[in-house]
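Chains, contacts and geometry: an overview
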Amino acid sequence: MGSDRARRRARRTLVAWLLGVTTILAADAVALAQTKTERDMARALMDEGDAKVEKKDFAGALRAYRAAHAIMGVPSTGIEVARTEEKLGHLVEAHKAALEVTRLPVKPGEPKPFTEAREAAKALAAQIESRLPMLTVVVQGVPESAPVEVKIDGTLLPSESARAAQPVNPGKHEVSAAATGLPPVSKEIEIAEAQRLQVKLALGDAAAADDGSDKPSRRLSPLVYVGFGVGGAGLIAGAVTGALSLSRAGTVENLCPAGTCPTQSALDEATPVNDSAKTLANVSNVAFALAVVGVGVGVAGIFLSGGEPKKSPEATSVRLNIGPTGVGIVGRF
């Protein structure tokens, strides 16, 4: 009886051990199968990324390389992610990806491509670091110790580093700042590779004091002063000479009614007056024509005015000279 119990216990122990071994072997087989499948998938993704790089489709290549690196997480996949980020101008992301490759643990007996990828990542990180733009946000109008929310392109910076220089990609960015009880302010900036840029954002009273101080006043083009000056002078000259012409024409009419002079003396007196009236009439016509042109130039000058500090009107003057031989413009611009 005792020997039977011993045999049954022995059989149960053997069966339990065999079941355990079988389970372990089955699990290892599944794990090996999954690893091979993942390796095949990662290899296909790397090939896809290489093909897209040849076609200059760096965005598509980056998606493929990222997917492969998410599966394998080895230096040879990570370095391609970093290189492609750099080709796209994403210097911050490329620098981060390269550093991550250098920090991957070295495994015993790892293949040579892994070592080469680590060295390439180290060199790439150093090269990108010298090109990274640095942006510092200076918040004015609040105490240095007061909590502020600083955002770059909508991303909130950690409070402990919000006032420190931040690495950003070259190009345009929107920078904003906000504090409790104060309206937020924002500014769009553009930064180049390796540039060190400081952006000031004024909150509260500082914003009111700073409002418009860095904005150039509207500059009126000199054409405005020249044009309207000539136009005004032309109108005055045209009116004066026109009145004189009409007055002298009236004198001629009195001396020679209906264009017929009764005596030689009347003719001798009327002739120079008549010639003068005609000259003044011509001068009046020219002056009015100049007035029209001047007004047109002045209007054009308004539309051409820019945003630089405007020139003092006293620095520009126009004078219309009317003489017996013609009309002239004298000015200082």
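Scroll up for the structure.
Residues numbered from 1 in each chain as written. Predicted model: local features only at pLDDT ≥ 70, side-chain atom pairs only at ≥ 80, totals over all residues. Heavy atoms only, no water.

Topic: the overall build of the protein
Summing up its helical and strand segments, the protein has eight helices and nine strands in all. Every one of the 333 residues in the protein was classed for burial, and the buried ones make up 28%. In the protein, once contacts between residues fewer than 6 apart in sequence are set aside, the share between residues at least 24 apart is 61%. (Helix = DSSP H or I, 4+ residues; strand = E, 2+ residues; numbered from the N terminus. Buried < 20%, exposed > 50% of the residue type's maximum accessible area, 1.4 Å probe, protein only. Contact = heavy atoms within 4.5 Å.)

Here's the deal with the environment of Val-142
Relative to the helices and strands, Val-142 is located in the loop between strand E1 (134-140) and strand E2 (149-152). In this structure Val-142 comes out as buried when scored by relative accessible area, which is 16%. Sequence separation between Val-142 and Gly-204 is 62 residues; the distance between their C-alpha atoms is 7.8 Å. Aside from chain neighbours lying at most four places away, what touches Val-142 is Val-148, Arg-163, Ala-179, Leu-182 and Leu-203.

Some remarks on the side chain of Gln-166
Looking at where Gln-166 falls in the secondary structure, it is placed in strand E4 (residues 166-167). Only 3.3 Å separates the side chain of Gln-166 from the backbone oxygen of Ala-164, close enough to count as a polar contact. For Gln-166, the residues in contact, after removing those within four places along its chain, are Pro-133, Met-134, Leu-135, Ile-152, Leu-157 and Ser-161. (Polar contact = N/O pair within 3.5 Å; in protein donor to acceptor, adjacent residues only side chain to side chain.)

Examining the packing of helix H4 (residues 91-102) against helix H5 (residues 112-129)
Here H4 crosses H5 at 145°, and the two axes come no closer than 8 Å. Crossing geometry of H4 relative to H5 is assigned as left-handed. Each of Leu-91, Ala-94, His-95, Ala-98, Leu-99, Val-101 and Thr-102 in H4 lies in contact with H5, whose residues at this interface are Ala-117, Arg-118, Ala-121, Lys-122, Leu-124, Ala-125, Ile-128 and Glu-129. Here the contact of H4 with H5 is composed, by residue class, of 10 nonpolar, two polar and three charged. (Axes fitted to C-alpha atoms, helices over the stretch in contact; angles between N-to-C directions. Left-handed = near helix turned anticlockwise from the far one by under 90°. Nonpolar A, V, L, I, M, F, W, Y, C, P; charged D, E, K, R; others polar.)

Let's talk about the pattern of salt bridges
Throughout the structure, instances matching the rule amount to nine salt bridges. Residue Glu-80 is joined to Arg-83 by a salt bridge in which the shortest nitrogen-to-oxygen separation is 3.0 Å. A residue pair is termed a helical-turn pair when its members lie 3 or 4 positions apart in one helix, as Glu-80 and Arg-83 do in helix H3 (residues 75-87) at three residues. Here Arg-131 makes a salt bridge to Glu-193, at a shortest N to O gap of 3.0 Å. You can see Arg-131 sitting in the loop between H5 and E1 and its partner Glu-193 sitting in the loop between strand E6 (182-191) and strand E7 (196-202), a full 62 residues away along the chain. According to the relative accessible area criterion, Arg-131 is buried, its value standing at 17%. Note on Glu-193: relative accessible area 42%, which makes it partly exposed. A single salt-bridge network, built from bridges that share partners, covers Lys-36, Asp-40 and Arg-43. (Salt bridge = Lys/Arg side-chain N within 4 Å of Asp/Glu carboxyl O.)

Section: the sheet that holds E4
The three strands lie next to each other as E4-E1-E7, forming an open sheet whose pairing is mixed. Sheet topology places E4 and E7 at the edges, where each strand pairs with a single neighbour. Pairing of E1 with E4, which is carried by two bridges, proceeds in the antiparallel orientation. Paired with Leu-135 across the bridge in E4 is Gln-166. (Pairing = 2+ DSSP bridges.)

Quick word on the sheet that holds strand E3 (residues 155-156)
Taking strand neighbours across the sheet as the criterion, the four strands line up as E3-E2-E5-E6 in an open arrangement whose pairing is antiparallel. Across the chains shown, the open sheet's two edge strands, defined by having one partner strand only, are E3 and E6.

What to know about unusual backbone geometry
If you check the backbone angles, Lys-56 has positive phi at about 65° while not being a glycine. Of note, Lys-56 is situated in the loop between helix H1 (2-54) and helix H2 (58-72). Residues other than glycine seldom take positive phi values, yet Asp-153 does so here, at roughly 55°. Position of Asp-153 relative to the elements: it lies in the loop between E2 and E3. With a relative accessible area of 42%, Asp-153 lands in the partly exposed category.

Re the nonpolar core
Of all hydrophobic cores here, the largest spans 21 residues; its most connected members are Ala-98, Leu-124 and Ile-128. Looking at this core, the elements with two or more residues in it are H1, H2, H3, H4 and H5. When sequence neighbours within four positions are dropped, the list of residues in contact with Ala-98 reads Ala-82, Ala-121, Leu-124 and Ala-125. Formed by 18 residues, the second largest nonpolar core is a distinct cluster that contains Leu-135, Val-139, Val-148 and Ala-177. (Core = buried A, V, L, I, M, F, W, Y, C linked by side-chain atoms within 4.5 Å.)

Some thoughts on the pairing of strand E5 (residues 171-179)
Bridging between E2 and E5 involves four bridges; their strand directions are antiparallel. Residue Ile-152 lies in a different strand from E5, and its bridge partner there is Val-175. Hairpin connection, E5 to E6: the antiparallel pair is bridged by two residues, and Gly-181 has positive phi, about 80°.

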